[in-house]
Amino acid sequence: SNRGKRSDFKEKVITRYRERYEGFGPTLAAEKLSEEGFAVDHETLRRWLSSAGLWRSSSRKLRHQKYRERRKRFGELVQLDGSLHRWFGKDEPLCCLLDMVDDATGITGALMASHESTESTMRVLRIWVERYGIPLALYTDRHNIYLSRREPTLEEALAGEKPLTALGRACRKLGIRILTAYSPQAKGRVERKHGVYQDRFQKELALLGIQTIPGANKVLGNGFVANLNRRFAVPPADAHDAHRPVPKDLDLDQVFCFERTRTLQNDFTVRHENRWYQVTRQNRPLPK
């Protein structure tokens, strides 16, 4: 073919793939090779690698699944989940990537942590709120970070309120509904995004020699997530943004926090986790 690549160029590409990108899929490898000056279409590279015995496509058994339409507006529903994985190599400890994916557009946001916890989940949600605004709803699994399994307190029972987790209270202050899924398949968009991160992000960390959680978060914040959004996000069906702006008088430090109920003693002290705290005279008058 007149459009075919020269044989010496093909040899250079395959040699470079063996040296630096072995194990990369053809699409990602083609992107990385193009950055080095070896511009080649991913399907062409797929054929070359298959002929050289360096790549074999995996066959997947198809299962019937019912299609669910995307939400119409950006911020109408954001899926949130953690991906526990050996991000720094097969011999390294498990870490958790907290991933948020907008249902309407596929726009993502992520944060690496040692494990999926209330604190790390609050952090990734706060990053999203500060960047885009307050979404209408979160779609999560039934982890006890999101769904409280304790019995309601007397005050909650009298008020007709359901018990909330710390994250649930933060979401109530912001007016965010938490919807819970009963299976991983129900959260298909965020589950598929886990696969994208486990492929592309893990390989990016290996190329850069990153072995720490702070280093991984620096990569995420310095263009990796933005590049994923440019490459894979789609326009929403309705251009109206469903996110609500953060009220100017709302202190997010008072939203994303842990709250505990304690009794104020007659000497104006409070006990918490076996420590005593003195309420000083300078504090504003307490209600009677």
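First, a word on what this report is: a plain description of the structure on this page. The residue count restarts for each chain, going from 1 along the sequence in the order it is written. Whole-chain, interface and lining totals are the exception, using all residues; otherwise, since this is a predicted model, local features are given only for residues with pLDDT of at least 70 and side-chain atom pairs are given and counted only at 80 or more. The basis for the side-chain values is all heavy atoms of the structure; hydrogens and waters are excluded.

**Some points on the overall build of the protein**
By the criteria applied, helices consist of DSSP H or I runs no shorter than four residues and strands consist of E runs no shorter than two, each listed in order from the N terminus. Within the protein, the regular secondary structure consists of 8 helices and 7 strands. As defined in this context, the radius of gyration uses C-alpha atoms, and a globule is described by 2.2 Å times the residue total to the power 0.38. The C-alpha radius of gyration computed for the protein amounts to 24 Å, which surpasses the reference 19 Å derived for 288 residues by more than 25%, pointing to a less compact arrangement than a globule. With the principal axes as the frame, the protein shows a C-alpha extent of 90 × 40 × 35 Å. Restricting to contacts in the protein with at least 6 residues of sequence separation, those with at least 24 account for 64%. A contact between two residues is defined here by any heavy atoms of the two lying within 4.5 Å.

**Some thoughts on the packing of helix α1 (residues 7–21) against helix α2 (residues 26–35)**
In this analysis an axis means a line fitted to C-alpha atoms, helices contributing only their contacting stretch, and an angle means the value between N-to-C directions, from 0 to 180 degrees. Relative orientation of the contacting elements α1 and α2 amounts to 105°, with a least axis distance of 11 Å. Our classification of the angle between α1 and α2 gives roughly perpendicular. Contact residues: α1 offers V13, R16, Y17 and Y21, while α2 offers A29, K32 and L33. Gly counts as polar in this scheme, as do all residues outside two lists: the nonpolar Ala, Val, Leu, Ile, Met, Phe, Trp, Tyr, Cys and Pro, and the charged Asp, Glu, Lys and Arg. Class assignment for the residues of the contact of α1 with α2 results in 5 nonpolar, no polar and 2 charged. Under this scheme an angle from 65 to 115 degrees is roughly perpendicular, one under 35 degrees roughly parallel, and one over 145 degrees roughly antiparallel; angles in between are oblique.

**Some words on the sheet that holds strand β1 (residues 78–85)**
Strands pair, by our definition, only if DSSP identifies at least two bridges between them. Spatially, 5 strands are ordered β3-β2-β1-β4-β5 in an open sheet, and the strand pairing comes out mixed. In the strand order of this sheet, the two ends are held by β3 (108–113) and β5 (177–180), each with one partner. Each adjacent strand pair in this sheet contributes to an overall mean axis angle of 25°, direction not counted. Direction of pairing for strand β4 (residues 137–140) relative to β5: parallel, over a ladder of 4 bridges. Bridge assignment links A137 to a residue of β5, and that residue is R177.

**Description of the pairing of strand β7 (residues 275–278)**
When strand β6 (residues 269–272) meets β7, the two strands line up antiparallel, connected through 4 bridges. In the strand pairing of β7, T269 is matched with Q278. Counting the residues between successive antiparallel strands, the hairpin from β6 to β7 contains 2 residues, one of them, E273, with a positive phi of roughly 50°.

**Comments concerning the side chain of D81**
The topology assignment puts D81 in strand β1. When its relative accessible area of 5% is taken as the criterion, D81 is described as buried. Here a polar contact is recorded for every N or O atom pair within 3.5 Å, except that within protein the pair must consist of a potential hydrogen donor and a potential acceptor, and residues adjacent in sequence are included only if both atoms are side-chain atoms. In terms of polar contacts, D81 uses its side chain to reach the side chain of H194, at 3.1 Å. When residues no more than four places from it in sequence are discounted, the contact partners of D81 are L97, L98, D99, E116, D141, K187, V190, E191 and H194. Each residue is placed in one exposure class: buried if its accessible area under a 1.4 Å probe, protein chains only, is under 20% of its type's maximum, exposed if it is over 50%, and partly exposed if it falls in between.

**Quick notes on the pattern of salt bridges**
Opposite charge on two side chains makes pairing possible when the charged atoms of those side chains draw close. Here, a salt bridge means any Lys or Arg side-chain nitrogen found within 4 Å of an Asp or Glu carboxyl oxygen. Considering all chains together, one arrives at 14 salt bridges under this definition. In this structure, R231 engages E31 in a salt bridge whose closest nitrogen and oxygen atoms are separated by 3.2 Å. Within this pair, whereas R231 is found in helix α8 (residues 213–232), its partner E31 is found in helix α2, the two being separated by 200 residues in sequence. D199 serves as the salt-bridge partner of K203, at 2.7 Å between the closest nitrogen and oxygen. In this pair, K203 and D199 both sit in helix α7 (residues 188–208), 4 residues apart, roughly one turn of the helix. Assessed through its relative accessible area of 18%, K203 is described here as buried.

**Observations regarding the packing of aromatic side chains**
Stacked, edge-to-face and tilted labels apply to pairs of Phe, Tyr and Trp rings (six-membered ring for Trp) whose centres lie within 6.5 Å, assigned for plane angles under 30 degrees, over 60, and everything in between, in that order. In this structure the tally under the stated criterion is 9 aromatic pairs. Members of the aromatic cluster, joined through ring pairs, are W87, Y197, F201 and F224. In this structure, K203 is placed above the aromatic ring of F24, and the distance from its NZ or CZ to the ring centre is 5.4 Å. Two limits define a charge over a ring: the Lys NZ or Arg CZ must be within 6 Å of the ring centre, and within 35 degrees of the ring normal.

**Here we look at the packing of α1 against helix α3 (residues 42–51)**
Relative orientation of the contacting elements α1 and α3 amounts to 75°, with a least axis distance of 11 Å. The orientation of α1 with respect to α3, classified from their angle, is roughly perpendicular. Mapping the contact onto sequence places F9, K10, V13, I14 and Y17 in α1 and L45, W48 and L49 in α3. A class-by-class count of the residues in the contact of α1 with α3 yields 7 nonpolar, no polar and 1 charged.

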